[in-house]
Amino acid sequence: MKLLNKLLSGNSVAKTLKTLLKVNKILVVFLGLLLLVQTGMSQTPGYLLKITNETQPTPQTYEFDVFLLRVGTTPLELEGMNFGIGIDVSVKNGGTLSASIIS
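Predicted model only: the values in this text are computed from it and were never measured. (Residues numbered from 1 in each chain as written. Predicted model: local features only at pLDDT ≥ 70, side-chain atom pairs only at ≥ 80, totals over all residues. Heavy atoms only, no water.)

Take the overall build of the protein next. When helices and strands are counted, the protein shows two helices and two strands. From first element to last, N terminus to C terminus, the protein shows the α and β order α-α-β-β. The proportion of buried residues among the 103 residues of the protein is 1%. Within the protein, residue pairs in contact and separated by at least 24 positions form 18% of the contacts whose partners lie at least 6 positions apart. Summing over all exposed atoms, the protein offers an accessible surface of approximately 9,900 Å²; the carbon and sulfur share of this is 62%. (Helix = DSSP H or I, 4+ residues; strand = E, 2+ residues; numbered from the N terminus. Buried < 20%, exposed > 50% of the residue type's maximum accessible area, 1.4 Å probe, protein only. Contact = heavy atoms within 4.5 Å. Areas by Shrake-Rupley, 256 points an atom, 1.4 Å probe, with all protein chains shown as cover.)

Pasting the structure below:
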């Protein structure tokens, strides 16, 4: 009976709830990591994206080609594409940088 009273006391119930919440948080983090691992083991891409044919026709212009090449035997299915090109912003030397597509 003393044990039952002790378990039902407010302090013990609060500790039990805190322990359950900690276990719940750990379980959620573990399941989240498990999902990341599952998506991380997906198939490697069957394409090569590269920048080539770089030229500087004028001091203010830098031109290059972006190539998307299928590698392997898996068909390349492309619905849409976005990518960014990182550059050192110190090259602007007080000017402004702009981009355009040359066909």
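Among all residues except glycine, the phi angle is most often negative; among peptide bonds, the trans geometry is most common. The phi dihedral of Asn53 falls on the positive side, at around 55°, and the residue is not glycine. Relative to the helices and strands, Asn53 resides in strand E1 (residues 47-58). One non-glycine residue, Asn93, lies in the positive phi region at around 50°. Relative accessible area serves as the criterion here: at 73%, Asn93 is assigned to the exposed category.

Here the protein averages 76 in pLDDT, while 73% of its residues score no lower than 70. Looking over the protein, one finds the lowest element-wise mean pLDDT in helix H1 (residues 2-8), namely 55, and the highest in E1, namely 90. (pLDDT = per-residue confidence, 0-100.)

When E1 meets strand E2 (residues 61-70), the two strands line up antiparallel, connected through eight bridges. Among the inter-strand pairings, Thr52 is bridged to a residue of E2, identified as Asp65. Here E1 folds back onto E2, and the loop between the two strands holds two residues. (Pairing = 2+ DSSP bridges.)

Next up on the list: a positive patch on the surface. Residues Lys15, Lys18, Lys22 and Lys25 make up a contiguous surface patch of positive charge. In this fold, Lys15 is placed in helix H2 (residues 10-40). In this structure Lys15 comes out as exposed when scored by relative accessible area, which is 54%. (Patch = residues over 30% accessible without salt bridge, like charges linked within 9 Å, V, L, I, M, F, W, Y side chains within 5 Å. Salt bridge = Lys/Arg side-chain N within 4 Å of Asp/Glu carboxyl O. Lys, Arg positive; Asp, Glu negative; His and termini not counted. Charge placed at Lys NZ, Arg CZ, Asp CG, Glu CD.)

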